[in-house]
Every structure is written in structure tokens, then in C-alpha cells.
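Coordinates in review
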Amino acid sequence: FKSNNHMISYDCNIRVWYKHTDQMGICHHSNYICYYEAARSDLMRWLGLSFAEVERRGIMMPILEVQSKYLRPARYDELLTVRILLKERPMARIEFFYEIYNEQGQLLNTGMTQLGFIHSDTRRPCRCPEWFSALLDDRWEEG
């Protein structure tokens, strides 16, 4: 974990499974989106609230945009570090940035996901709830 006045950063470790690889023995590109999701879920739990609890509180967070840039391949059985970064406080949307590193510390992939906030019952967009912002504020001020 790293935090300063400008962002929150959290590292999640993921092992490349055999089933994640393609015929060339490298991690298939589609898995990186799943790695982003795993990092988001871990980050939320670290903040003190799972996505399931967010939904129990009446808020859903659908994906609006995904970007992924592949720099180097990840290979079977490598332990990857997925660094997830929050660089701006959310309003009606929240953007998560990702850096994926191999065991040697080489940057393999960068990405971004943008999620919206919607009311579970109406499916209408809303602003980031105060209780969600408060979780971020607690970590934003550490370090």
C-alpha cells in the first residue's frame, strides 16, 4: 500500500494459471481484464467494503470503459503484481488505473477501467455516495 495527497495505490498478486495461457504459452490478452477486476475487488475489501456490500447498500458500479496496453507477455506460472491506482476522487464516475509487473519488476501491461455509479432499483446514474467517498478519504490521508 502507498498513499499520498494525490492517490491511493494497492498491490494485488496473481499467479498466471495454465488455463490463462494461449498456444504460445503466454497469458492470453483477455485475462488482463479479469486481473483488473480481481485487483478492484481486493482494493475494495482493503478499503473496508466489498462490492457485494456496495450493492446491498443500493448502488451498482457498471463498467463504462476499459483500456489495456500490452507491453510484454506474462507467462505460465509467473507471479504478477497488479498495482491499482486511484488518482482522482470520484464524482459520478470512478477511474481505476493499473500497472502489471512480472517477478523481475518489468512492466507488462497498463490499463484503465471507468465505472459509473447507479441506483440498484432504478438503474439511474447517481453521484458517488458520501459513505463511499469517506472510505477513500480514510486511505487518501494516510502515509
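Now for a description of the structure that goes with this document. (Residues numbered from 1 in each chain as written. Predicted model: local features only at pLDDT ≥ 70, side-chain atom pairs only at ≥ 80, totals over all residues. Heavy atoms only, no water.)

**Brief notes about the overall build of the chain**
A count of helices and strands for the chain gives three helices and eight strands. The C-alpha radius of gyration computed for the chain amounts to 16 Å, which stays within 12% of the reference 15 Å derived for 143 residues, consistent with globular compactness. Taken along its principal axes, the extent of the C-alpha atoms in the chain is 45 × 35 × 20 Å. Counting every position in the chain, which comprises 143 residues, the buried fraction comes to 43%. Intrachain contacts of the chain at a sequence separation of at least 6 include 68% that bridge at least 24 residues. Per element, the accessible surface of the chain, about 8300 Å² overall, is 48% carbon and sulfur. Of the side chains in the chain, 18 bear a positive and 19 a negative charge, and the two mean positions are spaced by 3 Å. (Helix = DSSP H or I, 4+ residues; strand = E, 2+ residues; numbered from the N terminus. Rg over C-alpha atoms; globule rule 2.2 N^0.38 Å. Buried < 20%, exposed > 50% of the residue type's maximum accessible area, 1.4 Å probe, protein only. Contact = heavy atoms within 4.5 Å. Areas by Shrake-Rupley, 256 points an atom, 1.4 Å probe, with all protein chains shown as cover. Lys, Arg positive; Asp, Glu negative; His and termini not counted. Charge placed at Lys NZ, Arg CZ, Asp CG, Glu CD.)

**A short note on the packing of helix 1 (residues 31-47) against helix 3 (residues 130-140)**
In the contact formed by helix 1 and helix 3, the axes pass within 10 Å of each other and the chain directions differ by 80°. The orientation of helix 1 with respect to helix 3, classified from their angle, is roughly perpendicular. Contacts between helix 1 and helix 3 involve Met44, Trp46 and Leu47 from the former and Phe132, Leu135, Leu136 and Arg139 from the latter. Each residue belonging to the contact of helix 1 with helix 3 can be placed in one class, and the counts come to six nonpolar, no polar and one charged. (Axes fitted to C-alpha atoms, helices over the stretch in contact; angles between N-to-C directions. Parallel < 35°, antiparallel > 145°, perpendicular 65-115°, else oblique. Nonpolar A, V, L, I, M, F, W, Y, C, P; charged D, E, K, R; others polar.)

**Describing the nonpolar core**
Tyr35, Leu43 and Met61 are the most contacted members of the largest nonpolar core, which totals 37 residues. Of all elements in the fold, only strand 2 (7-15), helix 1, helix 2 (51-56), strand 5 (79-86), strand 6 (93-101), strand 7 (107-116) and helix 3 reach the threshold of two or more residues within this core. (Core = buried A, V, L, I, M, F, W, Y, C linked by side-chain atoms within 4.5 Å.)

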